[in-house]
Amino acid sequence: MSDDHDSPETTRFADMALSDPVLKALSELGYELPTPIQALAIPHLVEGRDIIGQAQTGTGKTAAFGLPLLDKIELDKAVPQLLVVAPTRELALQVCEAIKGYAKHLKGLRVLPVYGGQGMATQLRSLRRGVHCVVGTPGRLLDHLDRKTLKLDAVKALVLDEADEMLRMGFVEEVEKIMEQLPPVHQTALFSATMPRPIARIAKRFLTDPVEIRTKSKETTVEAIKQFYIPVTGEIKKLEALSRLVETEDFDGMIVFTRTRVATVELSDQLEARGYKAQALNGDMSQQIRQRTVDRFKAADFDILICTDVAARGLDVPRISHVINYDIPFDTEVYVHRIGRTGRAGRDGKAILFAGKRQQRMLSNIERATKKKIERLALPSGNDVKARRIAHFKSFLTSAIESNELDSFRSIVEDYCRETDQDPMSVAAALVHAYQLDRPFSVRHVQIEDVERPRKTAKSKREPVSERPRKTAKSKLEPAPDRPKKPKKSKKPKAPMDVYRVEVGSDDGLEPKNLVGALTNEIDIPSSYIGSIRVGTQHTIVELPTGMPSDVLSFLKNVRVCGKKLNMSHLGNERVPKTASSRRPRDDSGKKAPTPRRKKPKTKPRKKSPS
Ligand code: AMP
């Protein structure tokens, strides 16, 4: 049987026979509607059917299988009942975190990630304590099965996530061995972006009368809109990229799309904290407030509107010159709908998509559906932003001079110059310096864009699987494609350092390289600027350059490493040597960054100080 429709737009989570605790978690996450793959898969999984889903990462497939299968778990039996097999450590951790979020109100439900590279002791301890759901990579799962530390006799449902990736990485035999150990009665959900022959064979051998689910996208053309993408990943980097666009693009109205209602509010708060006027528009707001917000946007009371897809339905505001796809949409139709908010009433429009490393396939799908190449847009450099800020400052000066309200101030300057024998130019320069302390002209140097691999064009096909080189036996066991580069452990940074504590330690499997990897990925800090790292059993101490902005610190509190939140706290700078060297971060101009100012006792996000 095959379920092969267009996105069923009207389905709601509440109509899908999901439990109240799961619905509550979704509402708190701010999910408005099921994505197409969720709308198609959930009813069949709730019903107990096996499914084969052709869906990629980023389409919402974790919730598509997670929501219905979590509901089948008996919480009073702490034995593995849901098993998810994923090709890589990264995906296993990502799925694990998502499942924990969906299971937030399923009291007592325990989820364990099981992957190579993490110490066995932690995994064994958790398995002995009892878990309900295991998410793992094939090699390590098989290892536990061989040692009899993991038993599958109570498993009710198995999920094979990114099955074609597992094939590509040479894991087919391991997957089959795992599947052979499952009890005769269980449900299976197999997800794969493509269906090469060995995967189809697995499906035929192990699945029972599966429903095949595919989301179709209509081909559409979008003419008057110039489309671009910027390769950027991670919330901090996306925020930085958006800030640069806001400062350098010539726009009238800008609409920014996020995936969830929660994200609309968070992003508008973050933009406000950086001094940009932005408003959220989402389904949590009453109709009246939504209408008022749209009216104010139309009247140019503010210029940046942060929306969910549902809230933006039917939005017709001719002044929207820019659409920013801050979170990549789940399918191509949503993309076309989003960018159709610009280029209205015969005007030109510009659509910019943030598409990170893992989203290149969706990007190609969009190109195919819109029959247009989406060009890469070079993000403005720190120097571009600086030039814009200086230009703005000059026009601010011009209007201040033209305002004719300067007489009383002029006499202060004249008195001062007379009393101190200073020349007016020095006085003006000092005032400019003071002015920009709160709104710096310079921009911190950060690597925002992903380092890209060559992208497949819309037309290019996937290489036939049989022609890909197989992995060696060693790499088969423990794949870690995105493993961070070797940290230089002993190299002491010379910039002034502060000391921070994170609540993850060796008991959680943390090694210094994990922390270096997370920090270099999540905030734009080169590894050479990370100071010494002391890993304790329950926590870790790390030195980082002085002057971390408070929004970065709050962001880092929620970053997870080895499956645990960092919960980073600032311990002070007692251990910083007094003779801090002169090596400091450089800005884009290539000059030395200014000496960081002393941290105020309590740092608030600075007004009007983007970046
Ligand atoms: P996935 O394809 O499962 O990796 O999901 C991609 C992203 O979409 C994740 O950040 C999810 O939190 C988010 N997501 C999944 N389903 C929905 C939904 N129905 N509404 C909004 N966001 C979602």
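Residues numbered from 1 in each chain as written. Predicted model: local features only at pLDDT ≥ 70, side-chain atom pairs only at ≥ 80, totals over all residues. Heavy atoms only, no water.

**Q** Could you give an account of the sheet that holds strand β15 (residues 375-376), naming the residues involved and the relevant values?
**A** Here 7 strands make up an open sheet; going across it, the order is β11-β12-β10-β13-β14-β9-β15 and the pairing parallel. Each having just a single partner strand, β11 (278-281) and β15 make up the two edges of the open sheet. Here strand β13 (residues 320-325) pairs with strand β14 (residues 349-354) via 4 bridges, running parallel. The partner of V323 across the bridge, within β14, is A351. Each of β9 (225-230), β10 (253-257), β12 (304-307), β13 and β14 is contacted by helix α10 (residues 235-248), which is oriented at about 160° to β14, the strand it contacts most. The sheet strands contacting helix α14 (residues 332-339) are β9, β10, β13 and β14, and the helix crosses β13 at an angle near 155°. (Pairing = 2+ DSSP bridges. Helix = DSSP H or I, 4+ residues; strand = E, 2+ residues; numbered from the N terminus. Contact = heavy atoms within 4.5 Å. Axes fitted to C-alpha atoms, helices over the stretch in contact; angles between N-to-C directions.)

**Q** How would you explain a nonpolar patch on the surface if you had to name every residue and give the values?
**A** Judged by side-chain polarity, F396, L397 and I401 come together as a nonpolar surface patch covering roughly 280 Å² of accessible area. Assignment of secondary structure puts I401 in helix α16 (residues 382-402). (Patch = residues over 30% accessible without salt bridge, like charges linked within 9 Å, V, L, I, M, F, W, Y side chains within 5 Å. Areas by Shrake-Rupley, 256 points an atom, 1.4 Å probe, with all protein chains shown as cover. Salt bridge = Lys/Arg side-chain N within 4 Å of Asp/Glu carboxyl O.)

**Q** Just give me the short version of the pairing of strand β2 (residues 51-54), but keep the residues and values in it.
**A** Where β2 and strand β7 (residues 187-191) come together, 3 bridges link them in parallel fashion. Bridge pairing in β7 links G53 to F191.

**Q** Can you tell me about the site of the ligand, naming the residues and giving the values?
**A** Close to the ligand lie 16 residues, the nearest being Y31, Q38, G58, G60 and T62. Contact between the ligand and T59: an oxygen atom at 3.1 Å from a main-chain N or O atom of the residue. Look at the ligand: alone it shows 490 Å² of surface, and the protein chains cover 82% of it. The class makeup of the residues in the shell around the ligand is 5 nonpolar, 9 polar and 2 charged. Each of domain 1 (2-215) and domain 2 (221-382) contributes no fewer than three residues to the shell around the ligand. (Near = heavy atom within 4 Å. Polar contact = N/O pair within 3.5 Å; in protein donor to acceptor, adjacent residues only side chain to side chain. Nonpolar A, V, L, I, M, F, W, Y, C, P; charged D, E, K, R; others polar. Domains from an automatic or database assignment.)

**Q** Hey, could you go over the packing of helix α5 (residues 120-129) against helix α6 (residues 138-147) for me, with residue numbers and the actual values?
**A** Working note: a packed helix pair is described by the angle between its axes plus the distance between those axes. Where α5 meets α6, the closest approach of the two axes is 13 Å, and the angle between their N-to-C directions is 60°. What the angle tells us is that α5 and α6 run oblique. Once α5 is placed against α6, the crossing between them reads as right-handed. Side by side, α5 and α6 meet where M120, Q123, L124 and L127 of the first sit next to R140, D143, H144 and R147 of the second. Of the residues in the contact of α5 with α6, the class split is 3 nonpolar, 2 polar and 3 charged. (Parallel < 35°, antiparallel > 145°, perpendicular 65-115°, else oblique. Left-handed = near helix turned anticlockwise from the far one by under 90°.)

**Q** Explain the sheet that holds strand β18 (residues 540-545) to me, and be specific about the residues and the numbers.
**A** Two pairing modes exist for strands in a sheet, parallel and antiparallel, and in both the strands are linked by backbone hydrogen bonds. Spatially, β17-β18-β16-β21 is the arrangement adopted by the 4 strands of the open sheet, whose pairing is antiparallel. The open sheet has two edge strands, β17 (533-535) and β21 (569-572), and neither has a second partner. Each strand of the sheet is rotated relative to its neighbour by a mean of 30°, with strand direction disregarded.

**Q** Lay out the packing of helix α3 (residues 61-70) against helix α4 (residues 89-102) with the relevant residues and their values.
**A** Across the interface, α3 lies against α4 with an axial gap of 10 Å and an inter-helix angle of 50°. It follows that α3 is oblique to α4 by the angle criterion. When you trace α3 past α4, the crossing you get is right-handed. Contact residues: T62, A63, F65, L67 and L70 in α3; V95, A98, I99 and Y102 in α4. Considering only residue class, the contact of α3 with α4 consists of 8 nonpolar, 1 polar and no charged.

**Q** Which residues make up unusual backbone geometry, and what values go with them?
**A** Despite not being glycine, E162 shows a phi value in the positive range, around 50°. Residue E162 is classed as buried on the basis of its relative accessible area, which comes to 14%. (Buried < 20%, exposed > 50% of the residue type's maximum accessible area, 1.4 Å probe, protein only.)

**Q** Explain the pattern of salt bridges residue by residue, including any values.
**A** Here the structure, examined in full by the defined rule, presents 33 salt bridges. For E90, the salt bridge is made with R89, and the minimal N-O distance between the two is 3.4 Å. Its relative accessible area of 13% is what places R89 among the buried residues. Of the charged contacts, one joins R560 and E97 as a salt bridge, the two residues approaching to 2.6 Å between their closest N and O atoms. Of this pair, R560 sits in strand β19 (residues 560-561) while E97 sits in helix α4, and the two are 463 residues apart along the sequence.

**Q** If you had to explain helix α9 (residues 197-206) to someone new, which residues and values would you point to?
**A** If you check which residues of α9 are buried, you get I199, I202, A203 and F206. Relative to the axis of α9, the buried residues are bounded by an arc of 100° and lie together on one face. Counted as exposed and oriented over 90 degrees from the buried face of α9: R197, R201 and K204. Where α9 is buried, its residues meet β2, β6 (157-160), α7 (163-168), α8 (172-180) and β7. (Arc of directions from axis to C-beta.)

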